[in-house]
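Survey of secondary and tertiary structure
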Amino acid sequence: MSLHIKHLVVIGIGLIGGSVALALRRAGCVGRITGVGRSVENLEEAVRLGVIDDFSHDIATAVADADMVLLAVPVAACDQVFAALAKSLPDKAVVTDAGSTKQSVMASAEKYLRDASRFVPAHPIAGTEYSGAAAAFAELFDDKKCILTPNEKTDVKALARVQSMWEAVGSRVKIMSAAEHDDVLAAVSHLPHLAAFAIVNAVGKGDAAFRFAAGGFRDFTRIASSSPEMWRDIALCNQSAIVDKIDALQEELSALRDALKAHDGDALLDKFTSAKQARDIWMSKYGDKL
Ligand code: NAP
């Protein structure tokens, strides 16, 4: 499907929204790009960097002439954003998002949009720990997966258009249900982020330990520098799946603790060996695509 977006409105001009805008410009398939956000400094910076053409603080006004709308705000803000854009969204417009949780965002769309069939939920599996328009770059999605979670009500033409948009920014589109998405992402993304926050807090309660931390600590905790606001929202919007994964982690930690207290080297070796094998297989299969 050849894609041309006449007027794209991106609500939330941060790392993800800004990078989509830059990547669509690179692909040459977008006309005007309007950004919407709260802070004028971030939006002015986005204009200066060529990420957007113009901006507004008013969602309803901004989307009145849009043919494509992208929500790239923290997931808990989606409720309020859908409520605002529903007032003036043209019938022909297609809406997508980039949120890290899918069931919660779909529930918001269902609640506020006149026609939720033209909302095609998406989650690009690409990112960094940096935030704001200045962090955006056109190559962010190149050869990275983007998961779409349409349901039985999703309009097939809207789905095709949104799939084309995410392919135009460089990503490889995969389709799955929102429930499966939220469960899988709770395991491979949300739990590691919470674990990284917890490790830094646990070490930070000590005194001079940070002075001796080196590459291993840096690699393990890189994602603890991510936006706290964004991660609060992800945690709350995917609460039950994440609680399950925390329980599984606590069981693993308890098993290690028990083995250590019992000086059971064989049990420790079993745990470390099975983890090393699983990670080595994953890296050899997928490592060059990360
Ligand atoms: P970000 O860099 O912090 O950008 C979010 C932007 O949204 C900010 O520039 C903020 O600007 C704006 N914003 C926040 N609340 C808003 C509201 N109520 N109305 C309008 N604008 C609002 O975050 P991001 O990394 O781009 O993340 C955006 C979305 O993508 C999130 O849903 C996240 O879950 C998802 N995601 C993130 C990653 C990642 O690695 N970072 C990866 C995949 C998906 P103002 O404060 O100026 O309003």
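On a predicted model such as this, the values are computed, not experimentally measured, just so you know. (Residues numbered from 1 in each chain as written. Predicted model: local features only at pLDDT ≥ 70, side-chain atom pairs only at ≥ 80, totals over all residues. Heavy atoms only, no water.)

**Some details on the packing of aromatic side chains**
We describe a pair of aromatic rings using the distance from one ring centre to the other and the angle between the two ring planes. In total, this model carries three aromatic pairs according to the counting rule given. Ring geometry for Phe82 against Phe119: centres 5.2 Å apart, planes inclined by 80 degrees, an arrangement best described as edge-to-face. Taken together, the residues Phe82 in helix H4 (residues 78-85) and Phe119 in strand E6 (residues 119-120) connect sequence positions 37 residues apart. When its relative accessible area of 3% is taken as the criterion, Phe119 is described as buried. Between Phe210 and Phe217 the ring centres are 5.8 Å apart and the planes differ by 65 degrees, which places this aromatic pair in the edge-to-face class. (Phe/Tyr/Trp six-rings, centres within 6.5 Å; stacked < 30°, edge-to-face > 60°. Helix = DSSP H or I, 4+ residues; strand = E, 2+ residues; numbered from the N terminus. Buried < 20%, exposed > 50% of the residue type's maximum accessible area, 1.4 Å probe, protein only.)

**A closer look at the environment of Glu229**
When you line up the elements, Glu229 lands in helix H9 (residues 228-237). Its relative accessible area of 35% is what places Glu229 among the partly exposed residues. Every residue in contact with Glu229, bar those within four places of it in the chain, is listed here: Arg38 and Pro74. (Contact = heavy atoms within 4.5 Å.)

**Focus: the nonpolar core**
Counting 42 residues, the largest nonpolar core has Leu24, Leu148 and Trp166 as the members making the most contacts within it. Those elements that place two or more of their residues in this core are strand E1 (5-11), helix H1 (15-27), strand E2 (30-36), helix H2 (40-48), strand E4 (68-71), strand E8 (145-148) and helix H6 (156-168). Those residues in contact with Leu148 that lie beyond four places of it in its chain are Val120, Pro121, Ala122, Leu159, Val162, Gln163, Trp166, Val173, Lys174, Ile175 and Met176. Grouped together as the second largest cluster of nonpolar side chains are 29 residues, Val9, Ile11, Ala84 and Trp231 included. (Core = buried A, V, L, I, M, F, W, Y, C linked by side-chain atoms within 4.5 Å.)

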